[in-house]
Amino acid sequence: LAKLDDDLVNIVDKLKVFYPDNKHLHEDFRLKACIIENYREQVKDSTDLTSTVKTNTAFASHNVPYQTVSEGKIVPILAHKFFETDLPFGLCTWKDIANMIDVEVPMVDALIEWNQKLIKKEYLKDGKVDGKDAGECILPSAFGLDAKTLDKGRR
């Protein structure tokens, strides 16, 4: 989780170079800070990232459904938003932005590679989000945006 956090913060840090006047980019984008900002009353121990995630009572209701495959063995049910939507609408979007601004995101890459195998999709191919199923993703580049025009995608 900390390595994923580093990847996403590295993207934001590089975006600051392209958009130095964007005040929003100068906020704390570390996962711990975001969790505390949004769930302050529900976090029992904010000592570090691990304790912040583990003691956030709001996260307790987010369970991955499992099925029993044999005595004592369970596997996650892959037809779930954690596997089917968080990838094309989250990590693949971040990967697309990282590629635009030339930021290495090894944990994002590893998670996409792992997850796409589980759900039998191909989003990431040769380091780019242009696999056979990439059309299912929300990609700024697919909307004609690039490193210099990403801010035009704001609401």
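1. Quick word on the nonpolar core
Okay, so step 1: Within the largest apolar cluster, 28 residues are counted, with the highest numbers of intra-cluster contacts made by Ile-11, Leu-15, Cys-92, Ile-101 and Val-129.
Okay, so step 2: Of all the secondary-structure elements, those providing two or more residues to this core are α1 (2-18), α5 (87-101) and α6 (106-118).
Okay, so step 3: With seven residues, the single largest contributor to this core is α5.
Okay, so step 4: Excluding anything up to four places from it in sequence, Cys-92 contacts Leu-87, Ile-112, Tyr-123, Val-129, Cys-137 and Leu-139.

2. Observations regarding the side chain of Thr-93
Okay, so step 1: Note on placement: Thr-93 falls in helix α5.
Okay, so step 2: Residue classification places Thr-93 among the buried residues on the basis of a relative accessible area of 16%.
Okay, so step 3: Those residues in contact with Thr-93, other than ones at most four positions away along the chain, are Pro-88, Ile-138, Leu-139 and Pro-140.

3. What about the pattern of salt bridges?
Okay, so step 1: Enumeration according to the criterion identifies eight salt bridges in this entry.
Okay, so step 2: Between Asp-13 and Lys-16 there is a salt bridge; the shortest N-O distance is 3.2 Å. With Asp-13 and Lys-16 both in helix α1, this residue pair falls three residues apart, about one helical turn.
Okay, so step 3: Judged by relative accessible area, which is 36%, Asp-13 ranks as partly exposed.

4. Some words on the packing of α1 against α6
Okay, so step 1: The N-to-C vectors of α1 and α6 enclose an angle of 120 degrees; their axes lie 7 Å apart at closest approach. Here Lys-3, Leu-4, Asp-7 and Leu-8 of α1 lie close against α6, whose contacting residues are Pro-106, Met-107, Val-108 and Leu-111.
Okay, so step 2: Of the residues in the contact of α1 with α6, the class split is six nonpolar, no polar and two charged.

5. Digging into the state of the cysteines
Okay, so step 1: Applying the stated criterion across every chain yields a total of zero disulfides.
Okay, so step 2: Cys-137 takes part in no disulfide bond, and the closest cysteine sulfur, belonging to Cys-92, lies 3.9 Å away.

6. So, the side chain of Thr-52
Okay, so step 1: Here Thr-52 is to be found in helix α3 (residues 49-54).
Okay, so step 2: Among the polar contacts listed, one links the side chain of Thr-52 to the backbone oxygen of Asp-48, at a separation of 2.7 Å.
Okay, so step 3: When residues no more than four places from it in sequence are discounted, the contact partners of Thr-52 are Lys-32, Ile-35, Ile-36, Val-43, Asp-45, Ser-46 and Thr-47.

Rules behind the numbers
- The written sequence of each chain sets the order in which its residues are numbered from 1.
- At least 70 in pLDDT is required for a residue's local features to be given in this predicted model, at least 80 for side-chain atom pairs to be given and counted, and no such filter applies to totals for whole chains, interfaces and linings, which use all residues.
- Side-chain measures were taken over the full set of non-hydrogen atoms in the model, leaving aside hydrogen atoms and water.
- Residues grouped as a nonpolar core are buried Ala, Val, Leu, Ile, Met, Phe, Trp, Tyr and Cys residues, joined through side-chain atoms within 4.5 Å.
- Type-normalised accessible area, obtained with a 1.4 Å probe on protein chains alone, sets the label of each residue: buried when under 20%, exposed when over 50%, and partly exposed for intermediate values.
- Runs of H or I in DSSP of at least four residues are treated as helices and runs of E of at least two as strands, each being numbered from the N terminus.
- Only heavy atoms matter for contacts: two residues are in contact if any of them lie within 4.5 Å across the pair.
- Only one rule defines a salt bridge in this text: a Lys or Arg side-chain nitrogen within 4 Å of an Asp or Glu carboxyl oxygen.
- To define axes, lines are fitted to C-alpha atoms, for helices over the stretch in contact only, and angles between the resulting N-to-C directions are given on a 0 to 180 degree scale.
- Under the scheme applied, nonpolar residues are Ala, Val, Leu, Ile, Met, Phe, Trp, Tyr, Cys and Pro; charged residues are Asp, Glu, Lys and Arg; polar residues are all the others, including Gly.
- Two cysteine sulfur atoms form a disulfide, by the criterion used here, when they sit within 2.5 Å.
- Under this definition, polar contacts are N or O atom pairs within 3.5 Å; protein pairs additionally need one hydrogen-donor-capable and one acceptor-capable atom, and for neighbouring residues in sequence, both atoms have to be side-chain atoms.

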